[in-house]
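# Descriptive structure summary
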Amino acid sequence: MDDFHRTLHSLRVWDAELPGFDTAVAPIEPLALFREWFTHAAEAGQLEPHTMSLATVDGQGRPDVRTLMLHDADARGWHFASHSTSAKGRQLAAHPDAALGFYWPTVARQIRIRGRVTACGPEESRADLAVRSRGALAAALTGRQSEVLGSPEDLARASAAAWERAGAEPDAPAPTWTRYVLDAAEVEFFQGDATRRHTRLRYTRTPASAWTRELLWP
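Quantities reported herein were computed from a predicted structural model and do not represent experimental measurements.

## With respect to the pattern of salt bridges
Applying the stated criterion across every chain yields a total of 15 salt bridges. Of the charged contacts, one joins glutamate 188 and arginine 112 as a salt bridge, the two residues approaching to 2.6 Å between their closest N and O atoms. Of this pair, glutamate 188 sits in strand β7 (residues 177-191) while arginine 112 sits in strand β6 (residues 109-119); the two residues are 76 residues apart in sequence, bridging distant segments of the chain. A relative accessible area of 4% means that glutamate 188 is categorised as buried. Judged by its relative accessible area of 39%, arginine 112 falls in the partly exposed class. Aspartate 128 serves as the salt-bridge partner of arginine 179, at 2.6 Å between the closest nitrogen and oxygen. With arginine 179 in strand β7 and aspartate 128 in helix α4 (residues 122-130), this residue pair connects regions lying 51 residues apart in the sequence. Salt bridges here are not isolated pairs; linked through shared partners, they connect Arg76, Glu124, Asp128 and Arg179.

What follows is the structure, given as structure tokens:
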């Protein structure tokens, strides 16, 4: 057996004591439960609980996925940001239906969210970037996300110039930087169980904008 398969087959999950999930007392809408689970995961020691996967589709209908940061979760939906000219930005402009995925192995929980993404306006997008770090601004000013890179030296030069500008001009505009909001139509909460009797609760939005809840087989 090679090192990869030896390592793969030796891995175990959820050896620690796991939290319960009483679906009978779950809130009537998913945002409150998301915030509760998010805070619990952070307090339980989960590293970077605000990282999430964003799935989109390209012009040929092929799925695409990447990891990025959650910027907020409120009554409008789940917020994130990127360049409108990036691969994800172009895909969302053409096909705004998308999905988010959170996985917190420390507490054996995951959350899946599906809905439609809307781009925020320039003012809100500028405000999103203004509260972030100098490094985040430098990365935004470097731009050209998802374009073909000629060499590492090209990146080093562009990044150095962007870092210098970000320090000298903390309000420097990054015109393609865009804040997005995913308005959820479906949210599923998954609580892992060591005996594999996992608990899954799905919220689905009705045409009247209310939420229905149903359990799913694991």
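## Some details on the nonpolar core
Residues Phe34, Trp78, Phe102, Ile111, Ile113 and Phe189 are the most contacted members of the largest nonpolar core, which totals 30 residues. When residues of this core are traced back to their parent elements, those giving at least two are α2 (30-43), β1 (51-57), β4 (77-83), β5 (97-104), β6, β7 and β8 (199-205). Residues contacting isoleucine 113, with those up to four places away along its chain left out, are Trp78, Ala98, Ala99, Leu100, Phe102, Leu182, Ala184, Glu186 and Val187. Within the second largest apolar cluster, eleven residues are counted, among which are Leu141, Ala162, Ala172 and Ala174.

## Some details on the packing of aromatic side chains
Applying the stated rule across the entire model yields twelve aromatic pairs. Note on phenylalanine 21 and tryptophan 37: the rings are 4.9 Å apart at their centroids and 70° apart in plane angle, and the pair reads as edge-to-face. Placement of the pair is phenylalanine 21 in the loop between α1 (3-10) and α2 and tryptophan 37 in helix α2, with a sequence separation of 16 residues. With a relative accessible area of 1%, tryptophan 37 lands in the buried category. Centre to centre, the rings of tryptophan 37 and phenylalanine 189 are 5.2 Å apart; their planes meet at 85°, and the pair counts as edge-to-face. Of this pair, tryptophan 37 sits in helix α2 while phenylalanine 189 sits in strand β7, and the two are 152 residues apart along the sequence. Comparing tryptophan 37 with phenylalanine 189 shows no difference in burial state: the two are buried. Taken together, the aromatic side chains of Phe21, Trp37, Phe189, Tyr203 and Trp211 make up a single cluster linked through ring pairs. Just above the ring of tryptophan 37 sits the side chain of arginine 109; from NZ or CZ to the centre is 4.0 Å.

## Observations concerning the layout of surface pockets
Its boundaries defined by the atoms lining it, the largest pocket holds a volume of some 310 Å³. Lining the largest pocket are 18 residues, with Arg126, Leu129, Ala130, Ala172 and Pro173 sitting closest to its centre. Elements supplying a minimum of two residues to the lining of the largest pocket: α4, α5 (134-142) and β7. Here the lining of the largest pocket gets five residues from one element, more than from any other, and that element is α4.

Conventions used here
- Residues numbered from 1 in each chain as written.
- Predicted model: local features only at pLDDT ≥ 70, side-chain atom pairs only at ≥ 80, totals over all residues.
- Heavy atoms only, no water.
- Salt bridge = Lys/Arg side-chain N within 4 Å of Asp/Glu carboxyl O.
- Helix = DSSP H or I, 4+ residues; strand = E, 2+ residues; numbered from the N terminus.
- Buried < 20%, exposed > 50% of the residue type's maximum accessible area, 1.4 Å probe, protein only.
- Core = buried A, V, L, I, M, F, W, Y, C linked by side-chain atoms within 4.5 Å.
- Contact = heavy atoms within 4.5 Å.
- Phe/Tyr/Trp six-rings, centres within 6.5 Å; stacked < 30°, edge-to-face > 60°.
- Lys NZ or Arg CZ within 6 Å of the ring centre and 35° of its normal.
- 1 Å grid on protein atoms, 1.4 Å probe; cavity = no way out; pocket = protein on both sides within 12 Å on 5 of 7 lines; lining within 4 Å.
- Points joined across faces, edges and corners; volume = space filled by probe spheres on them.

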